[in-house]
Amino acid sequence: MIYPIVKYGNPILDKPSEIVTIFDEELKQLVEDMFESMYAAHGVGLAAPQIGIPRRIAVIDCSFKEDPAAKMVIINPEIIKKHGKQTHSEGCLSLPDFRENVSRAMKCSVRAQDVTGKWFEAEGEELLARALQHETDHLNGKLFMSHVSALKRDLIKRKIRKLVKAGEW
Ligand code: NI
């Protein structure tokens, strides 16, 4: 099932999501639906609150279907190590058509549970490190906008208000 993507302005995106404690068939189905929804929206990462479900689940595929091994599910993730710095233009499915330069750690390690509840650690560099940090932020109620200057943030908010008024958001 493809879920519609929740856009900026919906309060679900600003709240920390709930810890997942039950690892059952329903969760497996939800994860499959999240991949399907992410691909349909042309994204390389998606967090559950972005489809209106405030649970600590995110999916990532930086290869966008090219490499099955790149598919990653992180449940109850925590960034446990960060190293270095990268600054690149970053976007978000909940902020369509907005991109800003965001500084993130160049490398990071995440500790998370898989779809069966097993804990694992994974390391990411460059785009994967960026996706791990971006998606974990979502689960903590943070958008990439919180990493840009107040000036840029206000400009984005103003543009969105106009789009809302025009019925285009
Ligand atoms: Ni996002």
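Residues numbered from 1 in each chain as written. Predicted model: local features only at pLDDT ≥ 70, side-chain atom pairs only at ≥ 80, totals over all residues. Heavy atoms only, no water.

Undergrad: What exactly am I supposed to notice about the overall build of the protein here?
TA: If you tally the helices and strands in the protein, you get three helices and seven strands. Each helix and strand of the protein, placed in order from N terminus to C terminus, yields the pattern α-β-β-β-β-β-β-β-α-α. Taken against the 2.2 N^0.38 rule, which gives 15 Å for 169 residues, the C-alpha radius of gyration of the protein at 16 Å falls within 12% of a compact globule. Looking at the protein as a whole, 43% of its 169 residues are labelled buried. When contacts within the protein are restricted to residue pairs at least 6 apart in sequence, long-range pairs at least 24 apart make up 64% of them. Here the protein contributes 25 positive and 24 negative side-chain charges, whose respective centroids are spaced 9 Å apart. (Helix = DSSP H or I, 4+ residues; strand = E, 2+ residues; numbered from the N terminus. Rg over C-alpha atoms; globule rule 2.2 N^0.38 Å. Buried < 20%, exposed > 50% of the residue type's maximum accessible area, 1.4 Å probe, protein only. Contact = heavy atoms within 4.5 Å. Lys, Arg positive; Asp, Glu negative; His and termini not counted. Charge placed at Lys NZ, Arg CZ, Asp CG, Glu CD.)

Undergrad: What should I look at first to understand unusual backbone geometry in this one?
TA: Most of the time, phi is negative for any residue but glycine, and the peptide bond is trans. One non-glycine residue with positive phi stands out, namely Phe64, at about 45°. Mapped onto the fold, Phe64 is located in the loop between strand S2 (57-60) and strand S3 (72-83). We note that Asp97 has phi near 75°; this positive angle belongs to a residue other than glycine. Of note, Asp97 is situated in the loop between strand S4 (86-90) and strand S5 (100-104).

Undergrad: Explain the coordination of the nickel ion to me, please; I cannot follow it from the model alone.
TA: Six octahedral donors around a metal ideally make angles of 90 or 180 degrees; four tetrahedral donors ideally make 109.5 degrees. Donor atoms from the polypeptide that bind the nickel ion are Cys92 (SG), His134 (NE2) and His138 (NE2), placed at 2.1 to 2.3 Å. Here Cys92 falls in the buried class, since its relative accessible area comes to 10%. (Donors = N, O, S within 2.8 Å, 3.2 Å for Na, K, Ca; no water.)

Undergrad: Where do I start with the pairing of strand S6 (residues 107-113) in this structure?
TA: On a regular strand, each side chain points to the face opposite its neighbour's, so the side chains alternate between the two faces of the sheet. Most of S6 is tucked away, with five of its seven residues classed as buried. Where S3 and S6 come together, six bridges link them in antiparallel fashion. By the bridge assignment, Lys81 is partnered in S6 with Ser109. Examined bridge by bridge, S6 and strand S7 (residues 119-125) share seven bridges and lie antiparallel to one another. Pairing of Gln113 across the sheet is with Trp119, part of S7. Counted between consecutive antiparallel strands, the loop separating S6 from S7 contains five residues, among which Gly117 sits at a positive phi close to 100°. (Pairing = 2+ DSSP bridges.)

Undergrad: I tried to follow the pattern of salt bridges on my own but got confused; where do I start?
TA: Pairs may arise between side chains of opposite charge once their charged atoms sit close together. Taken as a whole, this structure holds six salt bridges when the rule is applied. A salt bridge links Lys28 to Glu25; its shortest N-O distance comes to 3.4 Å. Here Lys28 pairs with Glu25, and both are found in helix H1 (residues 25-40), just three residues apart, close to one helical turn. Given a relative accessible area of 58%, Glu25 falls into the exposed group. Taking the shortest distance from any N to any O, the salt bridge between Glu90 and Arg130 comes out at 2.3 Å. Placement of Glu90 in strand S4 and of Arg130 in helix H2 (residues 126-139) is noted, with a sequence separation of 40 residues between them. (Salt bridge = Lys/Arg side-chain N within 4 Å of Asp/Glu carboxyl O.)

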